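Tertiary structure, described
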Amino acid sequence: MDITDGALYQNSVKILEDAGKIINCDPNILNRLKKPKRALIVSVPVRMDDGSVKVYTGYRVQHSMTLGPGKGGIRYHMGVDLSEVAGLAMLMTFKNSLLNLPLGGAKGGITVDPTVLSRAELQRMTRRYTSEISNIIGPDKDIPAPDVGTNPQTMAWLMDTYSQEVGFAVPGVVTGKPIEVGGSLGREGATGMGVVFCMEEACKKLNYRFDDTLTIAVQGFGNVGSHAALYSHQRGARVIAVSDVDGGIYNKNGLDIPKLIAHFKAKKTLDGFENAEKITNEELLCLDVKALIPAALDGAINAKLAEKIKTKLIIEGANGPCTAEAGALLVSRGVKIIPDILANGGGVIVSYFEWVQGVSSYFWGEDEVNAKLHTAITSAFHKVWNFSETHKISMRLAAMSCSIQRLEKAMLLRGLYPQ
Ligand code: GLU
C-alpha cells in the first residue's frame, strides 16, 4: 500500500487544501505538508506463550518536526497500516500546531488485535517494537503516547526498554506513563475532559443548558469515551446511551455512569447493565440527542449514516470519526461539528504538561493540571469559533486554517535546507 492510499490520509490532504485556500497559503508549504517527513516500517517478531514466533508489522511516522519533537500516540489495532498511521501523524501535526504546543506530529502502531494477546505477549511485543524504533524516538526527537489499544502500562514498558538500551532512566521518551514512573496527574482522563470542556463552550454558544436537559450519546467506551461520559455525568448532563465495538445500551432517563464504569471493568462488557435497553452502534449515532460524541474509530460516520443523524452538535472524541463526505453533509444541514484536532486535544495538551513536568522534575497537583488544560483548550476553542464566524466556514475548516497559519509562518522562517 502506498502512503497516500488510505481514506483518512486523503481526507486530511483534502481539508489541508481547502484550508490552504482560505488563508492563501504558500503552495510550496502546502506541498511539503502533504507528505510525511519520515516513515519507518519494522518487523516485530514475538515469542508467543506456546513457544511459536509470530511476526507483526509496526510503524512510526513522523509527519513534521518544524515546531518541535514529533508527538503522537501508538495504536495497536487490526486496522493499522502505513497510510492510516501517516494520516494520523498528519492530524497530530495540525492538532499540535492549533493548540499552540511546541511539538511536531507523529504516530505509530502495530497491526495486531491486542485483546487476544496475553499480558506477557503484549509486553514482549511492545519491548521489541520499542527497540526497533528506538533510533528515531527520544525526549528531544519524538515522544510516543497511548492511543487506541495501548495504555499507561504499555508506556511504562516502552520507557523501560528505551532506558535499558541507553543505560539510564529516560522518562521523557514517552507520555501517558503511570504516575509512579513520572506520569502526570490528570493525564489518563485528559482527552475526555478536553472533550467536555469543548462541549461546555459549544453549549454556551448554542444556548444549550449544561444540565439534565443536555442529553448525550457517546460512541466508544475506551479511555476517551468513558471519561467523556463520566465528566459529562458529573457536571450534571444526562448521558442516555453509550456503546463499544459490540453495541450499545440506552436509557432515556440517563445512565448511572460511575456504576456503568465499575460494571464494564468487572464484566468487560456493557451488556447486562441495570435499567438499560440494548441498541446498535448505528441506532446510537442516530439518536435524537442534544450532543453526540463519536469516540471510537475513524470513519464511524459515513455519508449514508449522516443523512439519518438527528443531533445538531457533534464533538469528535476520536480522530477522523466523520468521513469528508459525511462532514460536508452534516454541516450543510446546520450541524455544528467540533473537530477532532480541537475536541480531542486534551490528551496531547496534558502529554505536553507531563513532558514539561518531567524535564523540570517538578510535579503539579491535579487541579493545577486541569485548570491549565481548561485554559489551553478553551482558548483554542474560541480562536477557532471566532475564525469560523468571521470567515463563515465550518469549525473544521477554521481549525485547520488556524493550524496551518502557524505552521506556514514557522516553515517560512526556518526556510528550506539546502536553499
Ligand atoms: N493519541 C492521542 C491523540 O491522538 C494523544 C497523543 C499524545 O499525547 O501524544 O491525540
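Refer to the structure presented above.
First things first, this report covers the structure right here in the doc. Nothing here was measured: the structure is a model prediction, and the numbers come from that model.

Some words on the packing of helix 4 (residues 119-133) against helix 5 (residues 152-166)
- In contact at an axis separation of 9 Å, helix 4 and helix 5 are set at 45° when each is read in the N-to-C sense. Compared by their axis directions, helix 4 and helix 5 come out oblique. Of the two elements, helix 4 crosses helix 5, and the hand of that crossing is right-handed. Contacts between helix 4 and helix 5 involve Arg119, Leu122, Gln123, Thr126, Arg127, Thr130 and Ser131 from the first element and Gln153, Thr154, Trp157, Leu158, Asp160, Thr161, Tyr162 and Glu165 from the second.
- Taken together, the residues of the contact of helix 4 with helix 5 sort by class into 4 nonpolar, 7 polar and 4 charged.

Thoughts on helix 4
- Here helix 4 contains 15 residues, and its C-alpha end-to-end distance of 21 Å stays within 8% of the 21 Å for a straight helix at 1.5 Å per residue.
- Every buried residue of helix 4 is listed here: Glu121, Leu122, Met125, Thr126, Tyr129, Thr130 and Ile133. Along the axis of helix 4, the buried residues cluster in a sector spanning 160°; they form a single face.
- Looking at the packing, one finds that the buried side of helix 4 touches strand 1 (38-47), strand 2 (53-64), strand 3 (70-77), strand 4 (105-111) and helix 5.

Quick word on the site of the ligand
- Around the ligand sit 14 residues, and of these Lys71, Lys95, Pro146, Asp147 and Ser351 come closest.
- Between the ligand and Lys107, the relevant distance is 3.1 Å, taken from an oxygen atom to a side-chain nitrogen or oxygen of the residue.
- Here Asn319 contributes a side-chain N or O atom positioned 3.1 Å from an oxygen atom of the ligand.
- Relative to its free-state accessible area of 300 Å², the ligand is covered by the protein chains to the extent of 95%.
- Elements that contribute at least two residues to the shell around the ligand include exactly strand 3, helix 3 (82-98), strand 5 (142-146) and helix 13 (346-360).
- Among the residues forming the shell around the ligand, the class breakdown is 4 nonpolar, 5 polar and 5 charged.

As for the state of the cysteines
- Scanning the entire structure with this criterion turns up 0 disulfides.
- We note that Cys203 lacks a disulfide partner, and the nearest cysteine sulfur, in Cys198, lies 11 Å from it.
- Lacking any disulfide linkage, Cys322 is separated from the closest cysteine sulfur, that of Cys286, by 12 Å.
- A relative accessible area of 7% places Cys322 in the buried class.

Observations concerning the pattern of salt bridges
- Per the counting criterion, the structure on display carries 21 salt bridges.
- Among the salt bridges present, the one from Glu316 reaches Arg396, with a minimum N-O distance of 2.8 Å. One end of the pair, Glu316, is in the loop between strand 11 (313-315) and helix 11 (324-332); the other, Arg396, is in helix 15 (residues 395-414), and 80 residues separate them in sequence.
- For the salt bridge of Asp340 with Arg396, the shortest nitrogen-to-oxygen distance reads 3.7 Å. Note that Asp340 is positioned in helix 12 (residues 340-343) and Arg396 in helix 15, a separation of 56 residues in sequence. Each member of the pair, Asp340 as well as Arg396, carries the same accessibility label: buried.

Some points on the nonpolar core
- With 93 residues, the main nonpolar core has Val242 and Ile338 as its most contacted residues.
- When neighbours within four sequence positions are excluded, Val242 is seen to be in contact with Val218, Phe221, Ala229, Gly248, Ile249, Leu255, Ile257, Leu260, Leu270 and Leu284.
- Counting 23 residues, the second largest nonpolar core, distinct from the first, contains Met48, Ile74, Val112 and Leu117.

Some thoughts on the environment of Gly415
- Relative to the helices and strands, Gly415 is located in the segment after helix 15.
- As a C-alpha pair, Gly415 and Pro36 span 379 residues in sequence and 17 Å in three-dimensional space.

Considerations on the pairing of strand 7 (residues 238-244)
- Judged by how many residues are buried, strand 7 sits mostly within the fold: 6 of 7 residues are covered.
- Pairing geometry for strand 6 (residues 215-219) and strand 7, over 5 bridges, is parallel. Counted as the bridge partner of Ala217 is Ala241 from strand 7.
- The parallel pair strand 6 and strand 7 is bridged by helix 7 (residues 223-234), and the resulting crossover is right-handed.
- The sheet contact formed by strand 7 and strand 8 (residues 247-250) spans 4 bridges and is antiparallel.

Brief notes about the side chain of Glu408
- With respect to the helices, strands and loops of the structure, Glu408 is situated in helix 15.
- Although buried, Glu408 forms no salt bridge, and the nearest oppositely charged side chain, Lys409, lies 7.5 Å from it.
- Of note is the side chain of Glu408, whose polar atom sits 2.8 Å from the backbone nitrogen of Asp26.
- Contact partners of Glu408, with chain neighbours within four places excluded, come to Ile23, Asn24, Cys25, Asp26 and Ile29.

Concerning the sheet that holds strand 5
- A sheet is described by the order of its strands in space; here 5 strands give the open sequence 1-2-4-3-5, paired in mixed fashion. At either end of the open sheet lies a strand with only one pairing partner, and these are strand 1 and strand 5. Direction aside, neighbouring strands of the sheet carry axes that sit 25° apart on average.
- In the sheet, strand 3 pairs with strand 5 via 5 bridges, with the strands oriented parallel. Each bridged residue has a counterpart across the sheet, and for Gly70 the counterpart in strand 5 is Asp142.
- Running over the sheet, helix 4 touches strand 1, strand 2, strand 3 and strand 4 and is turned about 145° from strand 1.

Let's talk about the packing of aromatic side chains
- Tallied over the entire structure, the rule returns 5 aromatic pairs.
- Taken together, Tyr352, Phe353, Trp355 and Trp364 form an aromatic cluster joined through their ring pairs.
- It is Lys290 that lies over the ring of Tyr208; its NZ or CZ is 4.6 Å from the centre.

Procedures and definitions
- Residues numbered from 1 in each chain as written.
- Predicted model: local features only at pLDDT ≥ 70, side-chain atom pairs only at ≥ 80, totals over all residues.
- Heavy atoms only, no water.
- Axes fitted to C-alpha atoms, helices over the stretch in contact; angles between N-to-C directions.
- Helix = DSSP H or I, 4+ residues; strand = E, 2+ residues; numbered from the N terminus.
- Parallel < 35°, antiparallel > 145°, perpendicular 65-115°, else oblique.
- Left-handed = near helix turned anticlockwise from the far one by under 90°.
- Contact = heavy atoms within 4.5 Å.
- Nonpolar A, V, L, I, M, F, W, Y, C, P; charged D, E, K, R; others polar.
- Expected span 1.5 Å × (residues − 1).
- Buried < 20%, exposed > 50% of the residue type's maximum accessible area, 1.4 Å probe, protein only.
- Arc of directions from axis to C-beta.
- Near = heavy atom within 4 Å.
- Polar contact = N/O pair within 3.5 Å; in protein donor to acceptor, adjacent residues only side chain to side chain.
- Areas by Shrake-Rupley, 256 points an atom, 1.4 Å probe, with all protein chains shown as cover.
- Disulfide = S-S within 2.5 Å.
- Salt bridge = Lys/Arg side-chain N within 4 Å of Asp/Glu carboxyl O.
- Core = buried A, V, L, I, M, F, W, Y, C linked by side-chain atoms within 4.5 Å.
- Pairing = 2+ DSSP bridges.
- Right-handed = clockwise from strand over helix to strand, strands pointing away.
- Lys, Arg positive; Asp, Glu negative; His and termini not counted.
- Phe/Tyr/Trp six-rings, centres within 6.5 Å; stacked < 30°, edge-to-face > 60°.
- Lys NZ or Arg CZ within 6 Å of the ring centre and 35° of its normal.

None of the figures reported here should be taken as evidence of function without further support.
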